[in-house]
Amino acid sequence: MAVTFYNLSSKAGLEKLDNHLKTRSYISGYQASKDDITVHAALKGAPSSEYINVSRWFNHIEALLRISGVAADGSSVSVEGFAPVTEESVATPSVTDAKPAEDDDDDSDVDLFGEETEEEKKAAEERAAAIKASGKKKESGKSSILLDVKPWDDETDMAKLEETVRSVQMEGLTWGMSKLVAVGYGIKKLQIMMTIVDDLVSIDSLIEDHLTSEPANEYIQSCDIVAFNKI
């Protein structure tokens, strides 16, 4: 779906972009694309913090460009007075900026929140099936869940991110121990344990309605279930 933005240096233009990004992580699709580079390049600099969704997106794209994390083709977004990004205009990091090969052992397999592999998709489907199956049981029980909470970029305040996660309180939900796990290129994710009462807490609702929606999405990009066990 083609999208057109007008005069991103104006208040009206930024408000339209901010509203567009209110329910989206990227300009189009589910991963960073040339559409994001086109709009990023059309901005004269970091937007005002009053445009919270644009600011969050801008910082994320800045981080991805530093690690060359933009690959998708996009959906032909256009900005008035600004040419769309072409294949040749996507910058590639110089050799001098690249991380030494001997330091890449821990990061070589890191997707950095990109497109899921087949193994990850299969694991996610199995977890979803387990969650769905547990919901069919009539008796009330408890489940122990290990959750991955991913930030937008390496500049995200992880202390604030964890504070935001733990601020979500509801009957039947108990937060447990947590730790920061290095992902690569200076980015870390939060792994946190939780215990839920199955009849009182929906893990899907917890993630979609509380952890990845406003205002929590200022710090949180996405959440993944790492382990789901009945107690």
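We now turn to the structure provided with this report. This one's a predicted model, so the numbers in the text were calculated from it and none came from an experiment.

## Side note on the overall build of the chain
When you go through the chain residue by residue, the secondary structure sums to 6 helices and 6 strands. Seen in sequence order, the chain has helices and strands lined up from the N terminus as β-α-α-α-β-α-β-α-β-β-α-β. Here the chain holds 231 residues, and 39% of them are scored as buried. Long-range pairs, those at least 24 residues apart, make up 71% of the contacts in the chain with a sequence separation of at least 6. Surface summary for the chain: the accessible area is close to 13,400 Å², and the carbon and sulfur share equals 49%.

## Side note on the sheet that holds strand β4 (residues 173–184)
Strands belonging to one sheet form pairs held by backbone hydrogen bonds; the direction of such a pair is parallel or antiparallel. Strand order in this open sheet of 4 strands is β4-β5-β3-β6, and the pairing throughout is antiparallel. One side of each edge strand has no neighbouring strand; the edge strands of this open sheet are β4 and β6 (220–230). Shown here is a sheet whose adjacent strand axes are inclined to one another by a mean of 20°, direction ignored. The pairing of β4 with strand β5 (residues 187–197) spans 9 bridges and is classified as antiparallel. Bridge pairing in β5 links L180 to L190. Along the sheet face, helix α6 (residues 203–211) touches β3 (142–151), β4, β5 and β6 and points at about 165° away from the line of β6.

Calculation rules
- Residues numbered from 1 in each chain as written.
- Predicted model: local features only at pLDDT ≥ 70, side-chain atom pairs only at ≥ 80, totals over all residues.
- Heavy atoms only, no water.
- Helix = DSSP H or I, 4+ residues; strand = E, 2+ residues; numbered from the N terminus.
- Buried < 20%, exposed > 50% of the residue type's maximum accessible area, 1.4 Å probe, protein only.
- Contact = heavy atoms within 4.5 Å.
- Areas by Shrake-Rupley, 256 points an atom, 1.4 Å probe, with all protein chains shown as cover.
- Pairing = 2+ DSSP bridges.
- Axes fitted to C-alpha atoms, helices over the stretch in contact; angles between N-to-C directions.

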